[in-house]
Amino acid sequence: MSGKTKRPIGRPCELNEAVIEKAWLYLKGGYKEQGNAVPSIAGLAFALGKSRDTMYEWATQNDEFSDILKCIATTQEMLLIDGGLNGDFNAAFAKMLMTKHGYSDKVETDMKSSDGSMTPTVIELVAVGDDESTG
């Protein structure tokens, strides 16, 4: 056997401490310097010069990078709530983005009342026809 070590197949992962530091800086305000209203995974990918797919791939490979993506979602949610309430963001757009965080404006109506007073009345239809026996 030769003294050579086996090299891994494929390109080496470009995720390193410098990239992780740059990702934290984006989250902590770099998104504003980039001109984004809220941090996003797409914005982070742009800042790092990578694709969104790469962001998700790195998150599966590195716990700290996964935390960064989760913090981006949390920060985005918080800013959307505050911006929507303060009128800083377009309400329709903020509402649409909030669906990505589990919010909805769906209204469920229960047509029953606790005392039964609104229980629908059952109406039974009986066919009345010519009965030869009544003649």
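This text follows the structure it describes.
Residues numbered from 1 in each chain as written. Predicted model: local features only at pLDDT ≥ 70, side-chain atom pairs only at ≥ 80, totals over all residues. Heavy atoms only, no water.

**Re a negative patch on the surface**
Okay, so step 1: A cluster of acidic residues, Glu17, Glu21, Asp63, Glu64 and Asp67, forms a negative patch at the surface.
Okay, so step 2: Of all elements in the fold, only helix 1 (17-33) and helix 4 (63-86) reach the threshold of two or more residues within the negative patch.
Okay, so step 3: The element contributing the most residues to the negative patch is helix 4, with three residues. (Patch = residues over 30% accessible without salt bridge, like charges linked within 9 Å, V, L, I, M, F, W, Y side chains within 5 Å. Areas by Shrake-Rupley, 256 points an atom, 1.4 Å probe, with all protein chains shown as cover. Salt bridge = Lys/Arg side-chain N within 4 Å of Asp/Glu carboxyl O. Lys, Arg positive; Asp, Glu negative; His and termini not counted. Charge placed at Lys NZ, Arg CZ, Asp CG, Glu CD. Helix = DSSP H or I, 4+ residues; strand = E, 2+ residues; numbered from the N terminus.)

**With respect to helix 2 (residues 41-48)**
Residues three or four positions apart in an α-helix share a direction because the helix packs 3.6 residues into each turn.
Okay, so step 1: Buried within helix 2 are the following residues: Ile41, Gly43, Leu44, Ala45 and Leu48.
Okay, so step 2: Residues of helix 2 that are buried in the fold lie against helix 1, helix 3 (52-61) and helix 4.
Okay, so step 3: Looking one or two places after helix 2, you find Gly49, whose phi comes out positive at around 70 degrees. (Buried < 20%, exposed > 50% of the residue type's maximum accessible area, 1.4 Å probe, protein only. Contact = heavy atoms within 4.5 Å.)

**Describing the environment of Ala45**
Okay, so step 1: Residue position: Ala45 is located in helix 2.
Okay, so step 2: Residue classification places Ala45 among the buried positions, given a relative accessible area of 3%.
Okay, so step 3: When the C-alpha positions of Ala45 and Tyr56 are compared, they lie 9.9 Å apart, and in sequence the two are 11 residues distant.
Okay, so step 4: Not counting chain neighbours up to four residues away, the residues in contact with Ala45 comprise Lys50, Ser51, Arg52 and Met55.

**Digging into the nonpolar core**
Okay, so step 1: Judged by nonpolar contacts, the single largest core of 19 residues is most densely connected at Leu44, Met55, Phe65, Ile68, Leu69 and Ile72.
Okay, so step 2: Going through the elements one at a time, helix 1, helix 2, helix 3 and helix 4 are the ones with two or more residues in this core.
Okay, so step 3: It is helix 1 that provides the largest number of residues to this core, a total of seven residues.
Okay, so step 4: Contacts of Phe65, omitting those with residues within four sequence positions, involve Leu15, Ile20, Ala23, Leu44, Leu48, Met55, Trp58 and Ala59. (Core = buried A, V, L, I, M, F, W, Y, C linked by side-chain atoms within 4.5 Å.)

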